[in-house]
Amino acid sequence: MTAASTRRVVIDTDTGIDDALAVIYLAASEGVEIVACTTTFGNCSTAHAIENVSHVLRLCGLDEVPVHPGREGPISGEPAKHSWFVHGHDGLGDQDLDRVPATPSAESAADALVRLGRENPGELDLLVLGAQSNIADAVAIDPDVLTRYRSVVIMGGSGPYAEPGDVMEVDANVAADPQAAAVMFGAPRAHMVMVGVNVTTPTIMDEEFIARLGAVDAPIARFSHAVTEAYLDFYQEKWGRRICAAHDGLAAGVMIHPELVRTALRGPVNVRSDGFATRARLMRTVDDKPTVFPYEDAPETVVVTEVDHAAFLADFLEKLVTADERLGRGA
């Protein structure tokens, strides 16, 4: 891949465990440049997200990538809730990591998103891995901000309305700030892709995957295995096995390898609550019929409904176990 065809990525992240793996995956992938990281809350506090993504970038030898501090809670309503029971209190499984203090940029996440889009129109891809609060703040500054990114890929949402009887996974990123999610899905854009829990939850890092990752004795691989083991402490109560879903990793994979998408639907996405959960939903059923109730019009979003799980997981594992070699990191 030539320099002209390098995919240049801005990552908006609430850097928990699966976010960290997604950053490593992108860093170790050919033809990908991480341009900047903007931070938000969800898996952990924004302060921890800054520390965590700075640690991961440093581990990958990408100390020069700027990290921009974002909003510490939702636009309105209740204060931020953090998923400490999934990701640990520090967002990376409470592993007592030996971290150098982070030095984030003085420029805010929203300002950076606007500036980067204006300076590089049509050249950057935006990967959204946490609450969409920074995106909404950027839209408030510049309503056309998302039109300046070549693509916006979101790990979040729940896809179309599912088959009767199917139970949907929690849509945590949207639930963290529903108002922000509604702003984002309603904003003008060049190309927006939802990689929702409907496709990320079945993307399973199984026992063989975890064992192969744990067999590599190198710094990045050791880190990846250690934080994943902490992740499994939560997931074992979900499935009775020490396996987990590669939520954010799959969104990163779809961004850099769009051929992984087997099927997708297109249409408006609304943020809706049924009184128990708030989700971002494509206003279509799984067989591409309109809902029986009225909904708000919105620009078209490409909503992924099926991916090549095996191909992604093979690439994801290969990049994680060879990241040290690929990035020239010592043992």
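Everything below is about the structure shown above.
Here is a short report on the structure shown in this document.

Of all seven residues making up strand β12 (residues 301-307), five are buried, and the element is well covered by its neighbours. Two elements, strand β6 (residues 192-195) and β12, share two bridges in a ladder whose sense is parallel. From the neighbouring strand, V193 faces β12, where its bridge partner is V302. Of the pairings in the sheet, the one linking strand β9 (residues 261-267) to β12 comprises six bridges and is antiparallel in character. Across the sheet, A264 pairs through a bridge with V304, a residue of β12.

Each packed pair of helices is defined by two parameters, the angle between the axes and the distance between the axes. Contact pair helix α1 (residues 17-27) / helix α2 (residues 46-59): the axes reach a minimum separation of 10 Å and the direction vectors enclose 30°. The angle between the axes of α1 and α2 places the two elements in the roughly parallel class. Note that α1 runs across α2; the crossing there is right-handed. Where α1 approaches α2, its residues A20, V23 and I24 are matched on the opposing element by V53, V56 and L57. Split into classes, the residues belonging to the contact of α1 with α2 amount to six nonpolar, no polar and no charged.

Before going further, it helps to spend a moment on the packing of aromatic side chains. The relation between two aromatic rings is expressed through the spacing of the ring centres and the mutual angle of the planes. The full count for this structure, using the stated rule, is ten aromatic pairs. Ring geometry for W84 versus F85: centroids 5.8 Å apart, planes at 85°, classification edge-to-face. A relative accessible area of 49% places W84 in the partly exposed class. Note on Y161 and F293: the rings are 5.8 Å apart at their centroids and 75° apart in plane angle, and the pair reads as edge-to-face. Residue Y161 is found in the loop between β5 (151-155) and α6 (172-176), and its partner F293 is found in the loop between β11 (278-282) and β12; the two are separated by 132 residues along the sequence. Taken together, W84, F85, Y231, F234, Y235 and W239 form an aromatic cluster joined through their ring pairs. Its guanidinium or amino end placed over the ring of W239, K238 lies 5.6 Å from that ring's centre, counting from NZ or CZ. Residue placement shows R281 over the ring face of Y161; its charged tip is 4.2 Å from the ring centre.

When the terminal C-alpha atoms of helix α12 (residues 309-321) are compared, their 18 Å separation across 13 residues agrees well with the 18 Å that a helix rising 1.5 Å per residue should span. When α12 is considered as a whole, its buried residues turn out to be F312, L313, D315, F316, L317, K319, L320 and V321. Of the surrounding secondary structure, the elements contacted by the buried residues of α12 are α1, β7 (204-205), α9 (207-214), α10 (219-239), α11 (247-256) and α13 (323-326).

Attention now moves to the pattern of salt bridges. Applying the stated rule across the entire model yields 25 salt bridges. A salt bridge links E33 to R8; its shortest N-O distance comes to 3.3 Å. Residue E33 is located in strand β2 (residues 32-39), and its partner R8 is located in strand β1 (residues 7-13); the two are separated by 25 residues in the primary sequence. Classification of E33 as partly exposed rests on a relative accessible area of 36%. E119 is the salt-bridge partner of R115, the closest N and O atoms lying 3.0 Å from each other. Separated by four residues within a single helix, R115 and E119 lie in helix α4 (residues 109-119), roughly one turn from each other. With a relative accessible area of 29%, R115 lands in the partly exposed category. Judged by its relative accessible area of 49%, E119 falls in the partly exposed class.

Criteria and cut-off values
Residues numbered from 1 in each chain as written. Predicted model: local features only at pLDDT ≥ 70, side-chain atom pairs only at ≥ 80, totals over all residues. Heavy atoms only, no water. Buried < 20%, exposed > 50% of the residue type's maximum accessible area, 1.4 Å probe, protein only. Helix = DSSP H or I, 4+ residues; strand = E, 2+ residues; numbered from the N terminus. Pairing = 2+ DSSP bridges. Axes fitted to C-alpha atoms, helices over the stretch in contact; angles between N-to-C directions. Parallel < 35°, antiparallel > 145°, perpendicular 65-115°, else oblique. Left-handed = near helix turned anticlockwise from the far one by under 90°. Contact = heavy atoms within 4.5 Å. Nonpolar A, V, L, I, M, F, W, Y, C, P; charged D, E, K, R; others polar. Phe/Tyr/Trp six-rings, centres within 6.5 Å; stacked < 30°, edge-to-face > 60°. Lys NZ or Arg CZ within 6 Å of the ring centre and 35° of its normal. Expected span 1.5 Å × (residues − 1). Salt bridge = Lys/Arg side-chain N within 4 Å of Asp/Glu carboxyl O.

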